[in-house]
Amino acid sequence: MIEKSQSERVFGLDLMRATAILMVLSSHVLWIYPPKSSLISQFFQLFGFLGVEVFFVLSGFLIGTIFYKLYTKEDFKLATVFYFLKRRWFRTLPNYYLFFVVNIIIGLIIGYPLPSLWKYLIFLQNLYTTMLPFYPDSWSLAIEEYTYAIFPFSVFIITYLVKPKNKKMTFIAVVLSLIVVFILNKWHYNATTTNTTLIQWNVSLKDIVMYRIDAILYGVVFSWIAFNYKVFWAKNKVNFAFVGLVLLLFMYIGIGFLQITIEKHPTFWNVFYLPITSITMACFLPILSEWKTTKLPFKNTIVTISLISYSYYLIHYGIVLQLMKHFIPTEGLPMYLLHLYTLAFLIISFGLSYLNFKYFEKPVMDLRDKF
């Protein structure tokens, strides 16, 4: 397992991150098996979608906490923004570009088309159009990187122009204004696009940067609440979780019961579905962020999965499973071999992710902290 120096981490947030990557993984495992319309298959597909949404709000919560602490200092200036960005870039870009190169090499080896590679260098692959199926996991990273830039620079510009006396309210006003902007983007999409299928919704709205920045900003809002209203946050953590459960029941049982389908209610799906999902996931932040530690016997396993989750996200599907499916197709294999195939996929993915974390990702992070 990962070394003991991680003992000061917040276990609840590690659990949230580990759960998110396992949810994403469960949806990709479906690709190994013959297509089915069973309830289990539908749940696994839903898990993949929700897992990424959990990553978004958790990322927003963490960067919001970090940046707000920097923002409230007396010497907040443009250099502070770049300090924040450099730390985020050290966290995200090395892995991103490493596996960008790995994907190129794999594409050259197996003869896969490599379209518009320059866009991937600066995260333009899904800025406002549907991205091609090269480096498929990068769609969410593009959303993250643009949020890292838009959010702190917006706060800095408004602060520089207005010179507010109440920085606390200025911060949240800017974040909420940005959320409104990106909800309006979705409203514009709804008004200008005839979208009545989930397939089109998935590739032309859910995965597009200009419609999804707010997914991370909800986490930032919750970080602001946690920082400024600590007693309220701790006292109402169960209430927040209850609201989250109610919203989950509505979103994934009530919608079906009430027949709120995209064919009948495209405005709900195009404008409101994603924000409600983000808020639903964010409602579990109070109870999990207050779960500081645990004596559960599988704590180290959870922490390890959490730590390697970024490497796992970039390795397990776009590299390991794609290569396995290319060289060992699963069509026609008996069920027991499919189970062994899945086991091999999980072991290889975990092993490579652990090695990448230990020998690349963590050394880069240590270098960041050193300098």
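Our structure is the block above this text.
The rules we used
- Residues numbered from 1 in each chain as written.
- Predicted model: local features only at pLDDT ≥ 70, side-chain atom pairs only at ≥ 80, totals over all residues.
- Heavy atoms only, no water.
- Salt bridge = Lys/Arg side-chain N within 4 Å of Asp/Glu carboxyl O.
- Helix = DSSP H or I, 4+ residues; strand = E, 2+ residues; numbered from the N terminus.
- Buried < 20%, exposed > 50% of the residue type's maximum accessible area, 1.4 Å probe, protein only.
- Polar contact = N/O pair within 3.5 Å; in protein donor to acceptor, adjacent residues only side chain to side chain.
- Contact = heavy atoms within 4.5 Å.
- Arc of directions from axis to C-beta.

J.: Give a description of the pattern of salt bridges that names residues and reports values.
T.: Enumeration according to the criterion identifies 10 salt bridges in this entry. Between Glu-361 and Arg-91 there is a salt bridge; the shortest N-O distance is 2.7 Å. Taken together, the residues Glu-361 in helix α15 (residues 335–370) and Arg-91 in helix α3 (residues 78–110) connect sequence positions 270 residues apart. The exposure class of Glu-361 is buried, given its relative accessible area of 4%. In the salt-bridge network here, residues are joined through shared partners; they are Arg-9, Asp-14 and Arg-17.

J.: Give a detailed account of the side chain of Ser-154, specifying residues and quantitative values.
T.: Summarising the element assignment, Ser-154 is placed in helix α5 (residues 138–162). In terms of polar contacts, Ser-154 uses its side chain to reach the backbone carbonyl oxygen of Ile-150, at 2.6 Å. With sequence-adjacent residues up to four places away left out, Ser-154 is seen in contact with Val-174 and Leu-178.

J.: Any chance you could break down helix α7 (residues 198–206) for me, citing the residues and the numbers?
T.: Turning to α7, its buried residues are Trp-201, Ser-204, Leu-205 and Lys-206. Seen end-on, α7 carries its buried residues on one side only, within an arc spanning 160°. As for α7, its buried residues are in contact with α2 (39–71), α5, α6 (167–192), α8 (209–228) and α11 (266–282).

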